[in-house]
Amino acid sequence: MIRDLILQNRSCRRFHQEVAVELETLRELVDLARCSASAANMQSLKYILSCEPEKNARIFPLLGFAGQLKDWPGPAEGERPAAYIIVLLDTEISKSAGCDHGIAAQSIFLGAREKGLGGCMHGAVQREELSRILNIPPRYEILLVLSLGKPKEKVVLETVGPDGKTGYWRDSESVHHVPKRKLDDIIIG
Ligand SMILES: Cc1cc2nc3c(=O)[nH]c(=O)nc-3n(C[C@H](O)[C@H](O)[C@H](O)COP(=O)(O)O)c2cc1C
């Protein structure tokens, strides 16, 4: 089951925007992150939730979507995320999150997948501007933004070919293809 969940848990960047994600759902997802591993159990991550169209509309333009797809400006109105979880480091608890935010994000997305939702981690974030518009106090550092919604795109895994290229691509039917390296190419000893 965990293998199926992980295989289905692809980054998704086009959504049925009209299908709302409730605040309670976001809280349940953050609760999965809360119960996940944390370096030295410092639990320095904090979260801001957004599922209101007005707040979403202010967050959306500050995120990068599929930077490798040079001809794609990101999801059009109507296909944008219905919710966001902003993952913050509370620098008054710790100066570094280690890799806690990656673990938290994966827990959140596995939980989301189980609920029929999908989304994408965004490292490409205009952090200063996002902090400003949401009045985030300086003690909090924006680590990642997670976009969420009901998926509207098909994503398939491919195997990296002999050329070694790992870039993702879209075909003529807008199916998103994601090459992954072969198992024997990543276990080196
Ligand atoms: C730390 C991290 C940051 C990422 N940042 C972005 C981003 O800013 N924008 C985006 O569209 N995708 C982003 N992604 C998603 C990756 O592009 C995606 O994971 C990769 O293409 C593989 O696809 P998959 O998640 O379906 O396996 C990020 C992923 C990770 C793990």
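Procedures and definitions
- Residue positions within a chain follow its written sequence, with the count starting from 1.
- Given that the model is predicted, a residue must reach a pLDDT of at least 70 before its local features are reported, and side-chain atom pairs must reach 80 or more before they are shown or counted; all residues, however, enter totals for whole chains, interfaces and linings.
- Excluded from the side-chain calculation are hydrogens and water; included are all heavy atoms of the structure.
- Strands were regarded as paired on the criterion that DSSP finds at least two bridges between them.
- The secondary structure listing takes helices from DSSP runs of H or I that are at least 4 residues long and strands from runs of E that are at least 2 residues long, numbered from the N terminus.
- The rule is short: rings of Phe, Tyr and Trp, with Trp giving its six-membered ring, pair when the centres are within 6.5 Å, and they are stacked under 30 degrees, edge-to-face over 60, tilted in between.
- Buried, partly exposed and exposed residues are distinguished by accessible area as a fraction of the type maximum, computed with a 1.4 Å probe on protein chains only: under 20%, between the cut-offs, and over 50%, respectively.
- Here, over-ring charges are defined by two tests on the NZ atom of lysine or the CZ atom of arginine: distance to the ring centre within 6 Å, and angle to the ring normal within 35 degrees.
- Definition of nearness: a residue and a molecule or strand are near each other if at least one heavy atom of the residue lies within 4 Å of the molecule or strand.
- Under the rule applied, a polar contact is a pair of N or O atoms within 3.5 Å (in protein, one hydrogen donor and one hydrogen acceptor; residues adjacent in sequence only if both atoms are side-chain atoms).
- Calculation of accessible area relied on Shrake-Rupley with a 1.4 Å probe; when residues are assessed, cover is drawn exclusively from the protein chains displayed.
- Nine residue types can take part in a nonpolar core, namely buried Ala, Val, Leu, Ile, Met, Phe, Trp, Tyr and Cys, and a core is a set of them joined through side-chain atoms within 4.5 Å.
- Whether two residues are in contact is decided by their heavy atoms: any pair within 4.5 Å suffices.
- Given a helix with a known number of residues, its expected span is that number minus one, times 1.5 Å.

S.K.: Explain the sheet that holds strand S6 (residues 169-170) to me, please; I cannot follow it from the model alone.
M.R.: One key point about sheets: their strands pair by backbone hydrogen bonds, in either a parallel or an antiparallel sense. Read from one edge of the open sheet, three strands run S5-S7-S6, paired in mixed fashion. The sheet is open, and its two borders are formed by strand S5 (155-159) and S6, each paired with just one other strand. Sheet analysis places S6 next to strand S7 (residues 176-180), joined by two bridges and oriented antiparallel. In the sheet register, Arg170 faces S7, and the bridge partner there is His176.

S.K.: What am I meant to see in the packing of aromatic side chains here?
M.R.: Given two aromatic rings, one states the distance between the centres and the angle between the planes to describe the pair. Enumeration over the complete set of coordinates arrives at one aromatic pair. Centre to centre, the rings of Phe60 and Phe65 are 5.3 Å apart; their planes meet at 40°, and the pair counts as tilted. According to the relative accessible area criterion, Phe60 is buried, its value standing at 13%. A residue is classified by how much of its surface remains accessible, and Phe65, at 9% relative accessible area, is buried. In this arrangement the basic side chain of Arg13 is found over the ring face of Tyr168, its NZ or CZ atom lying 5.0 Å from the centre. Over the face of the ring belonging to Trp72 we find Arg170, whose NZ or CZ atom lies 4.2 Å from the ring centre.

S.K.: Is there a simple way to explain the site of the ligand in this structure?
M.R.: The environment of the ligand is formed by 14 residues, the closest being Arg10, Ser11, Arg13, Ala66 and Lys180. Between the ligand and Ala66, the relevant distance is 2.6 Å, taken from an oxygen atom to a main-chain nitrogen or oxygen of the residue. In the model, a nitrogen atom of the ligand is placed 3.2 Å from a nitrogen or oxygen of the Met121 main chain. In isolation the ligand has 620 Å² of accessible area, and contact with the protein removes 68% of it. Where the shell around the ligand is concerned, the elements lending two or more residues are strand S3 (118-122) and S7. By residue number, the principal contributor to the shell around the ligand is S3, which donates three residues.

S.K.: I keep staring at the nonpolar core and nothing clicks. Help me out?
M.R.: Inside soluble globular proteins, nonpolar side chains tend to come together where they are buried. Counting residues in each nonpolar core, the largest one holds 24 residues, and the members touching the most others are Leu26, Ile85, Leu146 and Leu148. At the level of secondary structure, the elements contributing two or more residues to this core comprise helix H2 (23-34), strand S1 (45-50), strand S2 (83-90), helix H4 (100-114) and strand S4 (140-149). Among the elements that line this core, the one with the most residues is H4, at five residues. Once residues lying within four places of it in the same chain are set aside, the contact partners of Leu148 are Phe15, Leu26, Leu29, Pro81, Ala82, Ala83, Ile85, Phe109, Ala112, Gly118 and Gly119. Within the second largest apolar cluster, 23 residues are counted, among which are Phe65, Ala66, Val155 and Tyr168.

S.K.: What's the story with H4 in this structure? I'm lost.
M.R.: The α-helix winds at 3.6 residues per turn, so residues separated by three or four positions along the chain end up facing the same way. Given a rise of 1.5 Å per residue, 15 residues ought to cover 21 Å, and the 21 Å separating the end C-alpha atoms of H4 matches this to within 8%. Restricting attention to buried positions, one finds in H4 the residues Asp100, His101, Ala104, Ala105, Ser107, Ile108, Phe109, Leu110, Gly111 and Ala112. Residues of H4 that are buried sit in contact with helix H1 (2-8), H2, S1, S2, S3 and S4. The first or second residue beyond H4 is Gly116, which carries a positive phi of 80°.

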